[in-house]
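# Residue-level structure breakdown
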Amino acid sequence: MDHIRVALIEDHDVVRIGLRAVFQAQEGIELVGEASNGPQGLALLQTVPVDVALVDVGLPGMDGIELVQQFREFQQAQIDPALPSLPTPSLPTKVMMLTIQGSEETVLASFAAGADSYCMKDAGVEQLIDAIRKTHNDEGWIDPAIASIVLRQMRQSIVRHTTEKTTIAIRSIEPEYEQVLADDPVTEREHEVLELMVAGCTNVVIAERLCITVGTVKTHVRNILAKLCADDRTEAAVRALRAGIIS
């Protein structure tokens, strides 16, 4: 199991104390630093080796989005001081926003600033730990509560970039996933189910719209997750959009 160094930047004492206790009880996770405001958090990330930083959006002194943006600029300058504006191919510290704010503006601004994942504070302990581990493994994690915002933005980006005939590979997915799909492509019925999954429909709604049983829907969903090598519906939807299966 990987050893993950975590930093917690959160201004609410009760939340910070509670998460500290959670991390202390988790094997393979070490809390290496805490901060209660934006400037302290930025200084912490600039001086202490951290694998995953949990950053609250509503921080005093400097909000979490500005903190992430400044930290990413700091990281880029450390890599190539002469070219601070170039994108960084692989950033050593991953950032997960941990917040109660799920507005579209906040979510999109967080990712634009350089966040890797986004988790709501009402997530359960197991879900939070899973999000941290996936973020550390460079998989990224999107809370199901705000997944529709990110998926809608991805759709708009795909349409926009396709219209502009850009050369950016916005639909690309990992080669191993491409091979799995080539060997076992999504069927016509699975495509119909997948479209409704991306739209955020539940199994019951999918069953009603396609005039099939809920049990059949569950079977299709399991097959779709397997073909897309996805752990959940959100991950499957993201990969389907990236691969161009759903437009």
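Anyway, here's the lowdown on the structure attached to this text.

What counts, and at which threshold
- Residues numbered from 1 in each chain as written.
- Predicted model: local features only at pLDDT ≥ 70, side-chain atom pairs only at ≥ 80, totals over all residues.
- Heavy atoms only, no water.
- Buried < 20%, exposed > 50% of the residue type's maximum accessible area, 1.4 Å probe, protein only.
- Helix = DSSP H or I, 4+ residues; strand = E, 2+ residues; numbered from the N terminus.
- Pairing = 2+ DSSP bridges.
- Axes fitted to C-alpha atoms, helices over the stretch in contact; angles between N-to-C directions.
- Parallel < 35°, antiparallel > 145°, perpendicular 65-115°, else oblique.
- Left-handed = near helix turned anticlockwise from the far one by under 90°.
- Contact = heavy atoms within 4.5 Å.
- Nonpolar A, V, L, I, M, F, W, Y, C, P; charged D, E, K, R; others polar.
- Phe/Tyr/Trp six-rings, centres within 6.5 Å; stacked < 30°, edge-to-face > 60°.

On to the pairing of strand β3 (residues 52-55), then. Neither face of β3 is left uncovered, since the one carrying V52 and L54 and the one carrying A53 and V55 both have all their residues buried. Note: strand β1 (residues 4-9) against β3, 4 bridges, orientation parallel. In the strand pairing of β3, V6 is matched with V52. Pairing analysis gives 4 bridges linking β3 to strand β4 (residues 94-99), with the strands arranged parallel. Across the sheet, V55 pairs through a bridge with M97, a residue of β4.

Running from amino to carboxyl end, helix α8 (residues 188-198) crosses helix α9 (residues 203-210) at an angle of 130°, the nearest separation of the two axes being 10 Å. Considered as vectors, α8 and α9 are oriented oblique to each other. Crossing angle aside, the handedness with which α8 passes α9 is right-handed. In this structure, α8 contributes R189, E192, V193, L196 and M197 to the contact, and α9 contributes I206, R209 and L210. Residues of the contact of α8 with α9, tallied by class, amount to 5 nonpolar, no polar and 3 charged.

Turning our attention to the packing of aromatic side chains. The geometry of two aromatic rings is summed up by the distance between their centres and the angle between their planes. Per the stated rule, a full pass over the model turns up 2 aromatic pairs. Consider the rings of F71 and F74, whose centres lie 6.4 Å apart with planes at 20°: the pair is stacked. Of this pair, F71 and F74 both sit in helix α3 (residues 64-79), separated by 3 residues, roughly a single helical turn. Of the residues examined, F74 reaches a relative accessible area of 25% and is grouped as partly exposed. Each ring, one from F111 and one from Y118, has its centre 6.2 Å from the other, and the planes form 35°; the classification is tilted. In this structure F111 comes out as partly exposed when scored by relative accessible area, which is 26%.

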